[in-house]
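Okay, here's what each chain looks like letter by letter:
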Amino acid sequence: MIFNLRSLKVVVLASFTVFMFSVFIFSDFGGTTTEASEGGAPTGTTGAPGEVTCTNCHTQNAGPGQISIIAPANYTPGQTYQIQVQHTTTDTSRSRWGFELISLAGTTMAGSYANTTSNTRIRAAAPKNYVTQTLAGTFPGQTLGATWSFNWTAPATNVGNVTFYAAGIQGNNDGTEDGDRTVLTSTVVQPQPVVVIHHGFTDFDADGKADASVFRPTTGIWYINRSTAGFTAAQWGIATDKLTPADFDGDDKADIAVWRAGAPTVAAYYILQSTTNTVRIELFGQTGDDPVVTGDWDGDGKADPGVYRNAAVGSQSYIYYRGSLSNPGGTVTYIQWGTTGDQAMRGDFDGDGKFDRAVFRPSNGVWYIVQSTNGTVRYENWGLSTDKFVPADYDGDSKTDLAVFRSGVWYIKQSSNGAASFINWGLSTDTLVPADYDGDGKTDAAIYRGGIWYIRMSSSGNMSAQPFGNGTDAPVPNAFVK
């Protein structure tokens, strides 16, 4: 009898366990402390490829309602973003809520999650992880909708498009699997577009290193010592031209180019395109304009002809450029920026691959910069009116740094951290030739003195002295120094 009684207890206990497991699997969110509510949805119910949805357990109920995923349009590898999952409905009989989400690149898990509130939890089903609601995150009795927030850290590398899949339950809070409504959604987050980072306006062989190069005004000849392709020379321009080397044809090689002042419809860019070795003439600007703003204004990887026109006293100054992106008619874009006496500055100050409108105002020592990423205006106090201006990317973050040269010292405000950097290099009488000569992605402080190039290599801090040119030549990397 003792044996039989114990056997009966085992049978009863087993039956109770099966009953409670059924509650775990099939209960909707109506219970007070059910395992289903506390643990969230079972893994693999997001509706992603190869997965089921909530209707695997819950009987579907037709009616209004939707679920949406609020995520960034683009991701940068390794960066963390807030993600939101949101239920909405006009049906007030919906009063308990749940969801499950996963992010995939194809069928592979993409990124990782972190809870930021007590309303979500992460469930693992190796090699995948899911985000779902907690018991508190079912919001019992709440009508019209629900929202959950959590963090997603993007994959460490570019894995292509990432698709977020989510399935949700809009429950009727009756404690059963009947009468609930399943809703599905997905959204795609694309990799951040690759910013076109040009090797520089004096890299004539596309090896990532600036080339020592000079223009000889007496003959109109360019002499170029290419760091990989070797020596070359070309006759291009006259003594009164302004040097405007840049990559106008998008092959990552600087093109030999000059801007020649003249009346409207006469002033022009004369470009020797490196891709085809053909001549390109762009009628642009007029006498008095400053071609320092020559560069890529539309982010297509090609330099655009451009000039800055300083206004008469008390008037508005303008930047003019002819974009090469989706502009078959050659329309000129003009931008109001600056006023009388301002000096135009060139560069991509926010690192999006597009030039930003920027001026330095000598009267107060302030840089006025409009960032093309968001239209935000930056005001930066840096330098004196008597300084030479050498803005470039000295810290290798693909953003132009504010920089000036004064009495042998380079004063640089690093965009990567806002810190000031000071480099003692050169004399006041030297010609400044900043560029990336060692190919490490950082501009090197460099000067040209009597036919000798003295370069402080940013990769090592060592000096390089290279003879190239003569004392009357114009070193090309000085073309945009002001």
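One numbering rule holds for all chains: residues counted from 1, following each sequence as written. Two thresholds apply to this predicted model, a pLDDT of at least 70 for residue-level local features and 80 or more for giving and counting side-chain atom pairs, whereas whole-chain, interface and lining totals are computed over all residues. The basis for the side-chain values is all heavy atoms of the structure; hydrogens and waters are excluded.

Caption draft 1: View of the side chain of S213. Per the convention used, a helix needs a DSSP run of H or I reaching at least four residues, while a strand needs a run of E reaching at least two, with both numbered from the N terminus. Relative to the helices and strands, S213 is located in strand β12 (residues 212–216). Under this definition, polar contacts are N or O atom pairs within 3.5 Å; protein pairs additionally need one hydrogen-donor-capable and one acceptor-capable atom, and for neighbouring residues in sequence, both atoms have to be side-chain atoms. A distance of 3.2 Å separates a polar side-chain atom of S213 from the backbone oxygen of D211. Contacts are assigned to residue pairs with any non-hydrogen atoms lying within 4.5 Å of each other. S213 has contacts with F204, Y223, I224, W453, F468, A474, P475, V476 and P477, leaving out every residue within four places of it along the chain.

Caption draft 2: Representation of the sheet that holds strand β33 (residues 463–467) within the structure. Spatially, four strands are ordered β30-β31-β32-β33 in an open sheet, and the strand pairing comes out antiparallel. Each end of this open sheet is capped by a strand with a single partner; those strands are β30 (431–432) and β33. Bridge analysis of β30 against strand β31 (residues 445–449) gives two bridges, and the strand direction is antiparallel. Bridging from a neighbouring strand, L432 pairs with I447 of β31. Two strands qualify as a pair provided DSSP detects at least 2 bridges between them.

Caption draft 3: Examining the pattern of salt bridges more closely. A pairing counts as a salt bridge when a side-chain nitrogen of Lys or Arg comes within 4 Å of a carboxyl oxygen of Asp or Glu. Under the definition given, this model contains 14 salt bridges. Residue R280 is joined to E282 by a salt bridge in which the shortest nitrogen-to-oxygen separation is 2.9 Å. Ionic pairing is found between D430 and R449, a salt bridge with its closest N-O pair at 2.8 Å. Here R449 lies in strand β31 and D430 lies in the loop between β29 (420–424) and β30, a separation of 19 residues in the sequence.

Caption draft 4: Expanded view of the nonpolar core. In terms of nonpolar packing, the biggest core is built from 30 residues, with F99, L101, I102, Y113, F150, W152 and F164 touching the most fellow members. When residues of this core are traced back to their parent elements, those giving at least two are β1 (66–70), β3 (80–88), β4 (96–105), β8 (128–133), β9 (145–153), β10 (162–171) and β11 (181–191). A total of six residues in this core trace back to one element, the largest contributor, which is β4. Beyond its immediate stretch of four places on either side in the chain, I102 contacts T46, A48, E51, M109, Y113, K128, N129, Y130, T163, F164 and Y165. Working definition of a nonpolar core: buried Ala, Val, Leu, Ile, Met, Phe, Trp, Tyr and Cys residues. They are joined through side-chain atoms within 4.5 Å. Between buried and exposed lies partly exposed: a residue is buried under 20% and exposed over 50% of the maximum accessible area for its type, with that area taken using a 1.4 Å probe on protein chains only. Grouped together as the second largest cluster of nonpolar side chains are 15 residues, V292, I335, V359 and V366 included.

Caption draft 5: The sheet that holds strand β28 (residues 409–413), seen in detail. Within the open sheet, the four strands sit side by side as β26-β27-β28-β29. Their pairing is antiparallel. Pairing within the sheet leaves two strands with one partner each, and these edge strands are β26 (388–389) and β29. Pairing of β26 with strand β27 (residues 402–406), which is carried by two bridges, proceeds in the antiparallel orientation. Bridge pairing links K388 to F405 in β27.

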